Amino acid sequence: QVQLAESGGGLVQAGDSLRLSCVASGLTFSTYSMGWFRQAPGKEREFVAAIAWNGASTTYADSVKGRFTISRDNAKNTVSLQMNSLKPEDTAVYYCAAARYGRHWSISKADYGSWGQGTQVTVSS
């Protein structure tokens, strides 16, 4: 059974930084592409960032490009999201997700088959 556990959320002010982490178990982590998504109140869950199974490729939503960085440590079964220059509109529950088909990676939430419980990020103005 795949388990994904996020941590690192919190309440910060605009301009601050946060680092989210997600520890995975129950899968051969090094063969799965991973993604981060977020969901604000009353909105659909949206793509934030994704990283290929080997870390060789990354992609970001336009809204976070240049501010957020996704990374992974396959030795520790961990994927992280470094968030800098946070804005109030970044406020959301952030979820990590494992690709449904292993190495295949995507910006579509339909292509992710396992999800964590989420961690709340709140950015005050």
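We now turn to the structure provided with this report. (Residues numbered from 1 in each chain as written. Predicted model: local features only at pLDDT ≥ 70, side-chain atom pairs only at ≥ 80, totals over all residues. Heavy atoms only, no water.)

1. Considering the packing of aromatic side chains
Centre-to-centre distance and the angle between the planes together describe a pair of aromatic rings. We count it as follows: Stacked, edge-to-face and tilted labels apply to pairs of Phe, Tyr and Trp rings (six-membered ring for Trp) whose centres lie within 6.5 Å, assigned for plane angles under 30 degrees, over 60, and everything in between, in that order. To sit over a ring, a charge needs its Lys NZ or Arg CZ within 6 Å of the ring centre and within 35 degrees of the ring normal.
Enumeration according to the criterion identifies 4 aromatic pairs in this entry. Site record: aromatic cluster; members linked through ring pairs are Phe37, Phe47, Tyr112 and Trp115. The residue whose ring lies beneath Arg72 is Phe29, and the NZ or CZ to ring-centre distance is 4.4 Å. Positioned above the aromatic ring of Trp53 is the side chain of Arg103, whose terminal nitrogen or guanidinium carbon lies 4.3 Å from the ring centre.

2. Let's talk about the sheet that holds strand 8 (residues 78-83)
Just so we agree on the cut-off: Pairing between strands is defined by DSSP: at least two bridges between them are needed. Under the DSSP-based scheme used, a helix requires at least four consecutive residues in state H or I and a strand at least two consecutive residues in state E, with every element numbered from the N terminus. Axis definition: a line fit to C-alpha positions, over the contact stretch in the case of helices; interaxial angles, taken between N-to-C directions, run 0 to 180 degrees.
Pairing is antiparallel in the open sheet, where 4 strands are placed in the order 1-3-8-7. The open sheet is flanked by strand 1 (3-7) and strand 7 (68-73), the only strands paired with a single partner. Direction aside, neighbouring strands of the sheet carry axes that sit 15 degrees apart on average. Summarising the sheet, strand 3 (residues 18-25) and strand 8 pair through 6 bridges and their orientation is antiparallel. The partner of Cys22 across the bridge, within strand 8, is Val79.

3. A look at the side chain of Asp90
As a reminder, the rule being used: Two N or O atoms form a polar contact when they lie within 3.5 Å of each other; inside protein one atom must be a possible hydrogen donor and the other a possible acceptor, and for residues adjacent in sequence the pair counts only when both atoms belong to side chains. Here a residue-residue contact requires only that any non-hydrogen atoms of the pair lie within 4.5 Å.
With respect to the element layout, Asp90 can be found in the loop between strand 8 and strand 9 (92-99). Of the polar contacts made by the side chain of Asp90, one reaches the backbone nitrogen of Lys87; its length is 2.8 Å. Beyond its immediate sequence surroundings of up to four residues, Asp90 is in contact with Arg38, Arg67, Phe68, Ser85, Val121 and Val123.

4. Notes on the side chain of Arg38
Position of Arg38 among the secondary structure elements: in strand 4 (residues 34-39). A distance of 3.4 Å separates polar atoms of two side chains, one belonging to Arg38 and the other to Ser63. Polar contacts involving the side chain of Arg38 include one to the side chain of Asp90, which spans 2.9 Å. Once residues lying within four places of it in the same chain are set aside, the contact partners of Arg38 are Glu44, Arg45, Glu46, Val48, Ser63, Val64, Phe68, Glu89, Asp90, Ala92, Val93 and Tyr94.

5. Observations regarding the environment of Lys65
Its place among the elements puts Lys65 in the loop between strand 6 (58-60) and strand 7. It is 19 Å that separates the C-alpha atoms of Lys65 and Ser33, two residues lying 32 residues apart in sequence.

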